[in-house]
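The primary structure of each chain is shown beneath.
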Amino acid sequence: METLKISSRISHVQNKILPLNIKPYPLIHNSRILGFYSNKGRTFSYTVTCKLNTVKGKKPSKGKTVLGSDGAAPPVVEVEERSVGRKVEEPPKSSGVGFGIFKKLPRKVLGVLSNLPLAIAEMFAVAALMALGTFIDQGEAPDYYFQKFPEDHPPLGFFTWRWVLTLGFDHMFSSPVFLGTLAFLGASLMACTYTTQIPLVKVARRWSFLQSAETIRKLEYVDTLPRASVKDLGVILMGDGYEVFLKGPTLFAFKGLAGRFAPIGVHLSLLLVMSGGTLSAAGSFRGAVTVPQGLNFIVGDVLAPSGFLSTPSDAFSTEVHVNRFSMDYYDSGEVLQFHTDLSLFDLDGKEVMRKTISVNDPLRYGGITIYQTDWSISALQVLKDDEGPFNLAMAPLQLNGGDKKLFGTFLPVGDDNSLNVKGVSMLARDLQSVILYDKEGKFAGVRRPNSKLPIEINGTKIVIEDAIGSSGLDLKTDPGVPVVYAGFGSLMLTTCISYLSHTQLWALQDGTSVVIGGKTNRAKGEFPDTINRLLDHVPELVESSSPKEPDTHSGV
């Protein structure tokens, strides 16, 4: 199929148009011939647009295909010798989705935003704010910051609670200062992509042919094959993965174009990570609750929004029931692990999920994650002189230093209406054992819950029926987690791809010799050895077989 569009301008036309005949040039295996032409001695110009799949009236010849990965060729660019290597100054006239806003910005603004030192300073500013966010406890009450950063003895001599609360450093990762810095860094990355990376990719995709041996010899790598054919060179390069294009006696080949796209991917990956982090900081819900065994709570009553992007979901109406709380212990008696058996119910009271969670094994449902983070003892069930059971609330006792826990309760003995009530004190550090003291505060004994073994103190028989634990749960929704994971995944992938070398080769048939030149953006030390090994496979011509190029493309 052939489609021709011909426009001719002839200084003097007298009902006579010069004939234009295009004959398919013999194609070598897997090569693309873009055409041969010459306008020597002609006073007219014409434009030819051809899409050749097969020669009209003939079946396509087997084994003769077009070089390149696709059938659609990018536009041919005629490159003059003086334009080779010229830096692209203008931003692209058209760009991908998301960069349209930069067309409306002045060039000076784009230049400032795409400045590398500015981008590095913005990255350091983000890192400094993140470090400060780990130094300052987040989400505490104002009184906490009044005491931690007082005005009379401020840290660093000036950093008082006014700085923390005014700038929003008590919720650093959703504060305007942090989000604004991230926004400026994102704008710098997009401006750099728009003004630098996209133009470089567009230039790298162009087919550029060098028409003189002198221009080729100015490249980084230069060699000459004394008796060779540029067509044979094209076949060798194609076998090594190059995209090869022929135009008359000239050849252009490239490999590793993905390495040119990789910096754009790196920038977009960083934008994904920052967008996901922003969504996590300003669009999530968080909450904590301590629930005794056997009680319920509603998810929406616990969760509180963390930013202006926080939007509740249908799962907030879910009811959570703590079926059972249990603990595992080391042989020494220390707590090893604690577990909570949870059931989730919808509005109709139907159980939609049940799971036993533990530390590092959370429950996930409807975008809500429930973590096991803490524990306590809520109550003791005791029998007093075979009466009861009575539920005695346990209160945490403050210890000096360390991370040990201790809980205590009191069982009145004697006249409850007396002004000087005395009784039995009970202490427990976990769910394994309870230590009992009499009315005088003297040690009376130790009993295990559920052992059914009574103990008599001050004439009162006491049986420890059970120790009821409470589960400390943290709940959160974080819609930014998938975005952050996707950003880091693509960042690792595009960073690896960016190490691919983008190699370009040019060749010119100069009589029986082939002048070859090339350049690469990476692995410059290995580049000459790699090309030399390829050139060693180019067959040597026994006799001169350079095709005589026609003077004209049209055969006029």
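Residues numbered from 1 in each chain as written. Predicted model: local features only at pLDDT ≥ 70, side-chain atom pairs only at ≥ 80, totals over all residues. Heavy atoms only, no water.

## Section: the UniProt feature "transmembrane region" (unreviewed entry) in the protein
Thought 1: When the UniProt feature table is mapped onto this chain numbering, "transmembrane region" (unreviewed entry) sits at residues 112-136 and 177-196.
Thought 2: Regarding residues 112-136, the helix share stands at 88% and the strand share at 0%, and the terminal C-alpha atoms are separated by 33 Å.
Thought 3: Spanning residues 177-196, this segment combines 100% helix with 0% strand, and its end C-alpha atoms are found 28 Å apart. (UniProt positions renumbered as here; feature names shortened; annotations may be inferred. Helix = DSSP H or I, 4+ residues; strand = E, 2+ residues; numbered from the N terminus.)

## Quick look at unusual backbone geometry
Thought 1: Backbone torsion omega between glycine 388 and proline 389 reads 10 degrees, so that peptide bond is classified as cis.
Thought 2: Here the phi dihedral of aspartate 385 falls at roughly 50 degrees; this positive angle occurs in a residue that is not glycine.
Thought 3: Secondary-structure assignment places aspartate 385 in the loop between strand E13 (368-384) and strand E14 (387-393).
Thought 4: Of the residues examined, aspartate 385 reaches a relative accessible area of 38% and is grouped as partly exposed.
Thought 5: In this structure, asparagine 450 takes a positive phi of about 70 degrees despite not being glycine.
Thought 6: On the secondary structure map, asparagine 450 appears in the loop between strand E19 (443-447) and strand E20 (455-457). (Buried < 20%, exposed > 50% of the residue type's maximum accessible area, 1.4 Å probe, protein only.)

## Quick word on the pairing of strand E18 (residues 434-437)
Thought 1: A one-sided burial pattern is seen for E18, the buried positions being Val434 and Leu436 and the unburied ones Ile435 and Tyr437.
Thought 2: Strand direction decides the pairing type here: strand E17 (residues 422-428) and E18, joined by three bridges, are antiparallel. When the sheet's bridge partners are listed, methionine 426 is paired in E18 with leucine 436.
Thought 3: As consecutive antiparallel partners, E17 and E18 are separated by five residues. (Pairing = 2+ DSSP bridges.)

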